[in-house]
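Coordinate inspection notes
Spelled out from the first residue to the last, the chains are:
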Amino acid sequence: MRLFVLVCLFCCVLTASADSRFRHLTVENGLPSNTTDLIFRDSRGFVWIGTNAGLVRFDGSRTRTYLTELAGKSINAIHEDQSGNLWIGTGGGLFRYTYTRDRFTLIQLPAGLTGLTAGWIAPFYIDNQQQLWFFYPAKWAVFTLNIRTLRVLYRSPGTELTDRLIPYPQQPFQPLKVIYSRSDQGGIVKRSIRNGQVLQPELFFNPSSVKRPAPVFSFSYWLVPENDSIVWAGGDAGLIRLNTANAQFRQFRPALSPTGTINHLTAFGDHQLAVSSSGSGLLLFNTKTRRFYARFSVQRANQLSIAGDNVNRTFVDSAGLIFCSLNNGRGVSYTSLQPTPFRQVYGQLQAANLHLPDETVSAVCQAGATGLLLGTPYGLVSVAQTGHPAKRLNRLPGITSLVPVDKFFVLAGTSHGLFLAHTQTGQPTPLPFPGHFPADQVFAIVQTGPGSWWINTYYGAFSLTLHPDRSFSWQPIDFADIPGAAVVNTAAYVDPEQRTMFVLSEYGNLIYTFRRTDAGRWKRVAKQRIDLLGQQITSVPNAADSLNLACGQGIFRFHKQTLQGKLYRTAHPLNGILTSDRHTWYLSTNGLYQGNGQGHLVRYFTGADGIRPGNYIPAAAMQETGKRWFFGSPAGLFAYHPAIKPTTATGHPQLTRMSIADQADAGQMAAILTGNGITLTPGQEDFLLDWVIPDPIAPASHTFRYRLDGYDKSWQQTGNPATIRYTNLPAGDFLLLVEARSASGQLQATRRIPVQVTVAFTKTRWYRALLVFLLLFTVSLIAWLRIRIWRDEQAKAELARLQTETELRALRAQINPHFVFNCMNTIDAYILTDRNRQASRFLQRFSKLIRLTLENSESRLVALSQEIRLLDLYIGLEAERFNNLFRYRILVSPELNERPYQIPPLLVQPFVENAILHGLRHLPDPSTGELTITIRLAGETMHVCIQDNGIGREASARLNAQRPEAFRSMGMHVTAGRIAVYQQLYRQAIRVETTDCAPGTRVDLWLPALLPS
């Protein structure tokens, strides 16, 4: 089905449709030279173009030429490995391009390997073993390069080969099966590969070996393998399908140009070939149906066609983008081959064929089952809904609106009055306005009922009735409170059920309500002034009592009875709003949008969708009955096919440049691309980042916004590409947020980049504070004695604090030997019982515990998360030491994770140790032991609960009485001393309660909830 849609699209191209509108790259767009050869698009979306003046990188908006890195070196091949690095074969050796550092590196190949030196290198494949296969013409041999170790291996001689080697399969990172090449003797060479070994060559179309007439190739043909036995070849003899299994072949000549010479072949999609030719342009061939089905060539000097008929090379990516390198100095032409939801029905080519100055469409209506009538500034045009053929019916100037009367006639509003025009011949019949009103511009025509219409003109509004005999009658509408006849009505809406009409007058910005009498005349019943310049009034889906007014500020939704409403602002001025069962369309001065009916634009259509930006108006838009929409603009008429979903050609946001203090910094750029941040040292308080979303078709449809958290108060908006620059940043840690969005506001990607700024001391607040302090000290010499006394008191207080901390550190140090003693016994037991693996694993975990214990012992307070990690390690070791005789849980309430709470180190551990050694250890059934540690926040207090289901304190005391004194724990004694010191240090109570449970024991510990000062 997908292939059928694609073929249908190309058939439209054959009949001069403008769906595939080519864009062109030349020196005027940034190429260093119009002489191009190789084209390649990498996985990031960048297009690489080899020219005779250097290698060019194109992102859809800008070009960058690498003149110094590869100067004077012809580019013959580019391949991308799985890490995103590019391997480039040139006339001066093999280069590797690293994107994270934006750097080219010449690969130093070993000179001792069969005389291999830097010269012409032709890489042609990267296999599943990360081996880069390349041909070295100076030695006529095939080699492989391990792209990780850069080790070179000799694979095969290639005396019969040329520099253009074609692999099968053509998709990279698979085992290489076959190498095809043109032969220096005029035929085709096939070398099969088995187990990494290159087999003997097979020759086809060799003049000395063929027994029947065979196609004679020149030296310039190209090959594309279909599988390991079928290969397609192109050259002077046209296109040939060769079956290497039986040497059978079939020759195909392009039907559109029998004398064309094929320069290059490219496979894409399913069974598709892009055929580059000399004299025939670009041809498309289906290898399954074996037919040429499309041709792109120079039709005329405009943007709809390819820039030249002599196509050198073609590249097609997975998104359907096709790039053509053109001979004769014409640069590069490219377009998208994907079907798009919009297709141009009437455009520049049709207008030119009708000898019209441009393709502007100002009005549209349906004519018959399959026809359309278009109003243009130059007359009435009929066109089929497929776009062909187009016919100019009359020369009515400045048509502004078209409304069908029946299948034979339409009402045509123009800049010179109202006409009744025949749908087949276009013969216009003028309908003069009543009385003294001159024939002048008609703004809008609104049908108010069968055979009756409301006509808005520059001089007022009229009700027109057409009778069956084609006679007509008028009713001028009286706007009695407006002086003169200058009403300038631009919008009207008829509610047929209520026999009510709402009219907007630009004069005074008034909304009028008219009601139709039984006699068929319109009578004004209400009016309301609004401060809006409106364009169109429409109904609101699922809201029978409201109407929408499209205006310069957005959408004004008002109530039918009160005429009061609310303004929904939009990004662009609106010309109109159209609704259907599935879509709400917003017609703006900047293009075409889809929305949700509330003024929120959810999708903006761009060139990638097959439509061009422009000024879209309601008179030039219509819908077939329950079918397609048609939209007219100065760019022509477009039909909307909602079932077609194009494959995006958009890449992800890419960083293309990084500079600090106006100096490029490849190291910082690499740090950003590898997930690290930006570090600015003193003297580097500013940085610049260039971002781009690679999109060759519609680069302007993307936008960026960014914000430096901790510095910016709001988001900064910018286009694509985007330049982000910050200068004179203060010292601190920031977070740069970069968001890429589509034109409709849909988020495409987000980047989060930490930024650390360290400024010179002379620019800090501390330096300024020091200057102020020195000035005050100089002026206040008379107060030196008082300051000295204050300092002495502060010194004494500091000495007391240090003494307290010294005592606390000494108490913490008493705990460490206790841990070491218990755990060493376990390790000793493992070793004595020959459980070396358990001893090793236990020792590793024990070392982590020792490291955390030593680190924490140097701090008065540690993070709660770090203390929980230590407890988890300790309990895990104890559980293993006692053969997993108990289960344990550590429960932390969520509010403790919201802020960086701190806790004295190793304060909870002794209570946990008691629960294990004196409660759970002596359980008669080891499988029933449970230990639960709960930590929660209670106001300004942290509550820690340690509960076990052990034998209880009374039973434990009886057991401990039978043990020697030397084996009794000192943990609780040390902990009591620590609690006393902490209470003195923080002036807050630390409370401990022990409760006997049935079974087990519960210890409740209340600590102050401390945060970093």
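Per an unreviewed UniProt entry, the chain carries the name Signal transduction histidine kinase internal region domain-containing protein and comes from Arsenicibacter rosenii.

1. Here's the deal with the overall build of the chain
The number of helices and strands found in the chain is 10 helices and 73 strands. Of the contacts formed within the chain by residues at least 6 apart in sequence, a portion of 52% connects residues at least 24 apart. When the accessible surface of the chain is split by element, carbon and sulfur atoms take 52% of a total near 46,900 Å².

2. Some details on the nonpolar core
Among the nonpolar cores identified, the biggest contains 55 residues, and Trp48, Phe687 and Leu689 are the most heavily contacted of them. Once residues within four sequence positions are removed from consideration, Phe687 is found in contact with Met658, Ser659, Ile660, Ile678, Leu680, Ile724, Arg725, Tyr726, Leu729, Leu736 and Val755.

3. Section: the layout of surface pockets
Of the volumes computed, that of the second largest pocket is approximately 1,400 Å³. Going through the elements one at a time, β31 (363–367), β35 (401–404), β39 (442–449), β43 (489–495), β47 (534–540), β51 (574–579) and β55 (621–623) are the ones with two or more residues in the lining of the second largest pocket. Here the lining of the second largest pocket gets six residues from one element, more than from any other, and that element is β39. Broken down by class, the residue content of the lining of the second largest pocket amounts to 23 nonpolar, 14 polar and one charged.

4. Quick word on the sheet that holds strand β20 (residues 230–235)
An order of β19-β20-β21-β22 is seen for the four strands of this open sheet, with the pairing classed as antiparallel. This sheet does not close on itself; its edge strands, each paired only once, are β19 (222–225) and β22 (248–252). Ignoring strand direction, the axes of neighbouring strands in this sheet form an average angle of 20°. Pairing between β19 and β20: four bridges, direction antiparallel. Paired with Val224 across the bridge in β20 is Trp232.

5. Re the pairing of strand β25 (residues 282–286)
Most of β25 sits inside the fold, with five of its five residues counted as buried. Where strand β24 (residues 272–278) meets β25, five bridges bridge the pair, whose relative direction is antiparallel. Across the sheet, residue Ala274 finds its bridge partner in β25, namely Leu284. Remark: three residues form the turn of the hairpin made by β24 and β25, two consecutive strands paired antiparallel; Gly279 in that turn has positive phi of roughly 95°.

6. Describing the side chain of Ser633
With respect to the element layout, Ser633 can be found in strand β56 (residues 629–633). Once residues within four sequence positions are removed from consideration, Ser633 is found in contact with Glu359, Thr360, Val361, Asn615, Tyr616 and Phe638.

7. Re the sheet that holds β47
Strands sit in the order β47-β48-β49-β50 across an open sheet of four strands; the sheet is antiparallel. Edge positions in the open sheet fall to β47 and β50 (565–569), since each of these has one partner strand only. Here the strands of the sheet are splayed against their neighbours by 25° on average, with no regard to which way each runs. Direction of pairing for strand β49 (residues 554–559) relative to β50: antiparallel, over a ladder of five bridges. The partner of Phe556 across the bridge, within β50, is Leu567.

8. Things to note about the packing of helix α7 (residues 864–881) against helix α8 (residues 909–920)
Where α7 contacts α8, the two axes come as close as 11 Å, and the packing angle between them is 15°. One element, α7, and the other, α8, form an angle in the roughly parallel class. Here α7 runs over α8; the crossing is right-handed. On the side of α7, the interface is formed by Leu871, Tyr874, Ile875, Glu878 and Arg881, while α8 contributes Gln909, Val912, Glu913, Ile916 and Leu917. Classifying every residue of the contact of α7 with α8 gives six nonpolar, one polar and three charged.

9. Examining unusual backbone geometry
Apart from glycine, the bulk of residues carry a negative phi angle, and the bulk of peptide bonds sit in the trans form. A cis amide bond links Tyr168 with the next residue in sequence, Pro169, at an omega value of 0°. Here Pro169 is to be found in the loop between β14 (165–168) and β15 (178–182). For His355, which is not a glycine, the phi torsion comes out positive at approximately 60°. Tracing the backbone shows His355 in the loop between α2 (348–353) and β31.

10. Remarks on the packing of aromatic side chains
All told, the structure shown has 38 aromatic pairs when counted by the stated rule. Summarising the aromatic geometry, the rings of Trp232 and Phe285 are spaced 5.3 Å apart at their centres and angled 65° between planes, so their arrangement reads as edge-to-face. Linking Trp232 in strand β20 with Phe285 in strand β25, this pair joins segments that are 53 residues apart in sequence. There is no split in this pair, since Trp232 and Phe285 are both buried. Seen in terms of ring centroids, Phe462 and Trp474 are 5.8 Å apart; in terms of plane orientation they differ by 80°. Their pairing is edge-to-face. Residue Phe462 is found in strand β41 (residues 460–466), and its partner Trp474 is found in strand β42 (residues 472–476); the two are separated by 12 residues along the sequence. Each of the two residues, Phe462 as well as Trp474, counts as buried. Members of the aromatic cluster, each reached through a chain of ring pairs, are Phe342, Trp585, Phe605, Trp629, Phe631 and Tyr640.

11. Structural notes on the pairing of strand β44 (residues 500–505)
Two faces, one strand: in a regular strand the side chains alternate between the faces of the sheet. Counting buried positions along β44 gives six out of six residues, so the element sits mostly inside the fold. Here β44 shows two buried faces, one formed by Thr500, Phe502 and Leu504 and the other by Met501, Val503 and Ser505. Across six bridges, β44 lies against strand β45 (residues 510–516) in antiparallel orientation. If you follow Leu504 over to β45, its bridge partner there is Ile511.

12. Section: the environment of Tyr586
Relative to the assigned elements, Tyr586 resides in strand β52 (residues 584–588). As for Tyr586 and Leu574, which are separated by 12 residues in sequence, their C-alpha atoms are 6.7 Å apart.

13. Describing the packing of helix α6 (residues 836–857) against α7
Interaxial distance between α6 and α7 falls to 10 Å at its minimum, and their mutual angle equals 150°. One finds that α6 runs roughly antiparallel with respect to α7. In the packing of α6 onto α7, the handedness of the crossing is left-handed. Listed contacts from α7 to Gln838, Arg841, Phe842, Arg845, Phe846, Lys848, Leu849, Arg851, Leu852, Thr853, Glu855 and Asn856 of α6 are Gln866, Glu867, Arg869, Leu870, Leu873, Tyr874, Gly876, Leu877, Glu880 and Arg881. Among the residues forming the contact of α6 with α7, the class breakdown is eight nonpolar, five polar and nine charged.

14. Quick notes on the pattern of salt bridges
One pass over the structure, following the stated rule, counts 16 salt bridges. Here Arg705 and Glu739 are joined by a salt bridge, their closest N and O atoms 2.8 Å apart. With Arg705 in strand β62 (residues 702–709) and Glu739 in strand β65 (residues 732–742), this residue pair connects regions lying 34 residues apart in the sequence. The salt bridge partner of Glu880 is Arg841, with a shortest N-O separation of 3.8 Å. Remark: Arg841 occurs in helix α6 and Glu880 occurs in helix α7; sequence separation between them is 39 residues. According to the relative accessible area criterion, Arg841 is partly exposed, its value standing at 39%.

15. What about the side chain of Ser659?
Among the secondary structure elements, Ser659 is positioned in strand β58 (residues 654–660). Apart from residues lying up to four places away in sequence, Ser659 is in contact with Ala664, Asp665, Phe687 and Leu688.

16. Remarks on α6
Compared with an ideal rise of 1.5 Å per residue, which puts 22 residues at 32 Å, α6 spans 31 Å between its outermost C-alpha atoms and is within 8% of the ideal. Within α6 the residues assigned to the buried category are Ala839, Phe842, Phe846, Leu849, Leu852, Thr853, Asn856 and Ser857. On an axial view of α6, the arc spanned by its buried residues comes to 150°, and they lie on one face. The exposed residues of α6 that point more than 90 degrees off its buried face are Asn836 and Arg837.

17. Here's the deal with the confidence of the model for the chain
On average, residues of the chain carry a pLDDT of 80, and 84% of them reach 70 or more. A low-confidence stretch, residues 1–19 (pLDDT under 50), is modelled with 34 contacts involving residues beyond four sequence positions or located in other chains. Predicted confidence is poor over residues 482–486, with pLDDT under 50, and the contacts of this stretch with residues over four places away or in other chains come to 10 contacts.

18. Topic: the environment of His467
Its location among the elements puts His467 in the loop between β41 and β42. Between the alpha carbons of His467 and Gly451 there is a distance of 7.1 Å; along the sequence they are 16 residues apart. Contact partners of His467, with chain neighbours within four places excluded, come to Phe472 and Ser473. Only 3.3 Å separates the side chain of His467 from the side chain of Ser473, close enough to count as a polar contact.

Definitions and cut-offs
- Residues numbered from 1 in each chain as written.
- Predicted model: local features only at pLDDT ≥ 70, side-chain atom pairs only at ≥ 80, totals over all residues.
- Heavy atoms only, no water.
- Helix = DSSP H or I, 4+ residues; strand = E, 2+ residues; numbered from the N terminus.
- Contact = heavy atoms within 4.5 Å.
- Areas by Shrake-Rupley, 256 points an atom, 1.4 Å probe, with all protein chains shown as cover.
- Core = buried A, V, L, I, M, F, W, Y, C linked by side-chain atoms within 4.5 Å.
- Buried < 20%, exposed > 50% of the residue type's maximum accessible area, 1.4 Å probe, protein only.
- 1 Å grid on protein atoms, 1.4 Å probe; cavity = no way out; pocket = protein on both sides within 12 Å on 5 of 7 lines; lining within 4 Å.
- Points joined across faces, edges and corners; volume = space filled by probe spheres on them.
- Nonpolar A, V, L, I, M, F, W, Y, C, P; charged D, E, K, R; others polar.
- Pairing = 2+ DSSP bridges.
- Axes fitted to C-alpha atoms, helices over the stretch in contact; angles between N-to-C directions.
- Parallel < 35°, antiparallel > 145°, perpendicular 65-115°, else oblique.
- Left-handed = near helix turned anticlockwise from the far one by under 90°.
- Phe/Tyr/Trp six-rings, centres within 6.5 Å; stacked < 30°, edge-to-face > 60°.
- Salt bridge = Lys/Arg side-chain N within 4 Å of Asp/Glu carboxyl O.
- Expected span 1.5 Å × (residues − 1).
- Arc of directions from axis to C-beta.
- pLDDT = per-residue confidence, 0-100.
- Polar contact = N/O pair within 3.5 Å; in protein donor to acceptor, adjacent residues only side chain to side chain.

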